[in-house]
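# Structural overview
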Amino acid sequence: MSAILHLLRRTLRPASGFTVGILLALAIPRPARAAEPDYSGLTALLGRYLHVISSKGQPFDTRFDYEQLYIDQNIWTLKRADGLTTLHTQLLSVSPARMTPRERTAWALNAYNFMVLERMTLYLLVPNRKFMRVDSPRQVSTDQGTFFNAPVTTVDGESLSLSGFERRFVYGDTTRSGIEDVQAARERAGDPRLQFALVRGALCSGPLLPWVYRADSLDAQLDRATRLALATRGWLRLDAATGTLSASNRFFDERADFGGPEMPGLMPFLNKFAPPAARKVILARKLAKPDLFFESDWKLNQYDQPRPALPGADTTRTIRKL
């Protein structure tokens, strides 16, 4: 049974900090920034619900508090999320046709990550199981399709799933259309850094980061997102004792970006962006590919609220929150 039941009983309230923050963010005029939409609402969302869980000196990692957002939006009672709907409109009512390629890519990354958060929150509970929470986005399925393949938005009159939105706007790949086609692996290569900026609601993604992507700093942001992701065990694992380097199967999912099925471009890419210890092994052993590949972890990237301390317990350890 999920901790969400306890949270619902303890913290359900008529108005949430997030809702108030969204209203304030929408009410304050902000200068236009090229053709990009207003990201103030998304920034407020991340600031309220994104938690840094890594300790000092450890690889940067985060979790998102879907449970608290579910409660704050009163989804159990309303069966909708008005604050998230407002944000969806704010981000998706723009026309990507009016953007430059860099503006469109930055917008698409932000919009995709938001829609994952939105959809995961709306479908957080297992149907007909009261307060039982799903453990993975892959467990979410409706009459319209699975988590990544059901329609989630309309852009310039076209209905799109998360997979379709990713292919068309994140990667700019228009070679396929339709639900069945977009489920197939991409054949046209894209920027391999993009997969580390996309957060799919699971631990096999890179960590969700506390910033929005911007056209004028996109390259630097993608570089940083890639390095931060590759430093986590969700992507690379190095056995210091044996010098064995293991990599996630997620690389194979995006194999088109690394030169096809044999992925000849993977090791040069890792030699540029992987942590120093991994690069040292790659160079010393002249690795042409990782020693092993491991299964991707599709467990939900949920932030677990700390339990109240027991009397006499050590309360010095805290988790940083953005």
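The rules we used
The residue numbering used here restarts from 1 in each chain and proceeds along that chain's sequence as written. Only residues with pLDDT of 70 or above have their local features reported here, since the model is predicted, and side-chain atom pairs are shown and tallied only from 80 upward, although totals for entire chains, interfaces and linings are computed over all residues. Side-chain numbers come from the whole structure's heavy atoms, not from hydrogens or water. Helix and strand definitions follow DSSP, with helices as H or I runs of at least four residues and strands as E runs of at least two, each counted in order from the N terminus. Partly exposed describes any residue whose relative accessible area lies between the buried limit of under 20% and the exposed limit of over 50%, with all areas from a 1.4 Å probe on protein chains only and scaled to the type maximum. Any pair of N or O atoms that falls within 3.5 Å is considered a polar contact. Within protein, one atom must be able to donate a hydrogen and the other to accept it, and sequence-neighbouring residues count only if both atoms are side-chain atoms. Contacts were defined at the residue level, with two residues in contact if any of their heavy atoms lie within 4.5 Å. Lining residues are defined by having an atom within 4 Å of a point belonging to a cavity or pocket. Those points lie on a 1 Å grid over the protein atoms alone, cavities being sets where a 1.4 Å probe fits but cannot get out and pockets being open sets with protein on both sides within 12 Å along at least five of seven lines. Grid points are joined across faces, edges and corners, and a volume is the space filled by probe spheres set on the points. Any residue that is not Ala, Val, Leu, Ile, Met, Phe, Trp, Tyr, Cys, Pro, Asp, Glu, Lys or Arg is counted as polar, Gly included; the first ten are nonpolar and the last four charged. Joining through side-chain atoms within 4.5 Å is the link that ties buried Ala, Val, Leu, Ile, Met, Phe, Trp, Tyr and Cys residues into a set, and such a set is a nonpolar core. The axes are straight lines fitted to the C-alpha atoms, using for helices just the contacting stretch, and the angles between their N-to-C directions are given from 0 to 180°. Roughly parallel here means an angle under 35 degrees, roughly antiparallel means over 145, roughly perpendicular means 65 to 115, and every remaining angle is called oblique. We call Phe, Tyr and Trp rings a pair once their centres come within 6.5 Å, taking the six-membered ring for Trp, and we label the pair stacked below 30 degrees between planes, edge-to-face above 60, and tilted otherwise. Remark: a charge is flagged as sitting over a ring if the NZ atom of Lys or the CZ atom of Arg is within 6 Å of the ring centre and within 35 degrees of the ring normal.

## Regarding the side chain of Asp257
Inspection of the secondary structure assignment puts Asp257 in the loop between helix 12 (250-253) and helix 13 (266-273). A relative accessible area of 10% means that Asp257 is categorised as buried. Looking at Asp257, its side chain comes within polar contact range of the main-chain nitrogen of Gly190, at 2.7 Å. The residues touching Asp257, leaving out its near neighbours within four places in the chain, are Tyr171, Arg186, Arg188, Ala189, Gly190, Asp191 and Pro192.

## Some points on empty space enclosed by the protein
In this structure the tally under the stated criterion is one cavity of 30 Å³ or more. Considering only enclosed or pocket space, the largest cavity measures out at about 110 Å³ in volume. Around the largest cavity sit 15 residues that line it, and Leu46, Asn113, Leu208, Leu209 and Trp211 are the ones nearest its centre. Within the residue set of the lining of the largest cavity, elements represented by two or more residues are helix 3 (40-49) and helix 7 (101-122). If you tally residues by element for the lining of the largest cavity, the top one is helix 7, at five residues. Considering only residue class, the lining of the largest cavity consists of 13 nonpolar, two polar and no charged.

## Examining the nonpolar core
Counting 59 residues, the largest nonpolar core has Leu45, Phe64, Trp107, Leu109, Phe165 and Tyr213 as its most contacted members. A total of eleven residues in this core trace back to one element, the largest contributor, which is helix 7. Those residues within four positions of Phe165 in sequence are excluded, and the remaining contacts are Leu92, Trp107, Ala108, Ala111, Tyr112, Met115, Thr153, Val155, Leu160 and Val170.

## Quick word on the packing of helix 11 (residues 218-230) against helix 13
At a closest axis distance of 10 Å, the pairing of helix 11 and helix 13 adopts a crossing angle of 95°. Taken together, the axes of helix 11 and helix 13 lie roughly perpendicular to each other. Residues Asp223, Thr226, Arg227 and Leu230 of helix 11 lie in contact with helix 13, whose contacting residues are Phe269, Leu270, Lys272 and Phe273. Partitioned by chemical class, the residues of the contact of helix 11 with helix 13 number four nonpolar, one polar and three charged.

## Comments concerning helix 8 (residues 162-170)
Burial runs high along helix 8: eight of the nine residues are buried. For helix 8, the complete set of buried residues consists of Leu162, Ser163, Gly164, Phe165, Glu166, Arg167, Phe169 and Val170. One or two positions beyond helix 8, positive phi appears at Gly172, with a value near 65°.

## Section: the packing of aromatic side chains
Describing an aromatic ring pair means giving the distance of the ring centres and the angle of the ring planes. As enumerated under the stated definition, the model contains 16 aromatic pairs in all. Ring centres of Phe147 and Phe148 lie 4.9 Å apart, and the angle between their planes is 80°; on these two criteria the pair is classed as edge-to-face. Of the two residues examined, Phe147 and Phe148, each falls in the buried class. What links up through ring pairs into an aromatic cluster is the set Phe196, Trp235, Phe251, Phe258, Phe269 and Phe273. Over the ring of Tyr171 we find Arg186, and its NZ or CZ is 3.6 Å from the ring centre. When the ring centre of Phe294 is taken as reference, the NZ or CZ atom of Arg237 above it lies at 3.8 Å.

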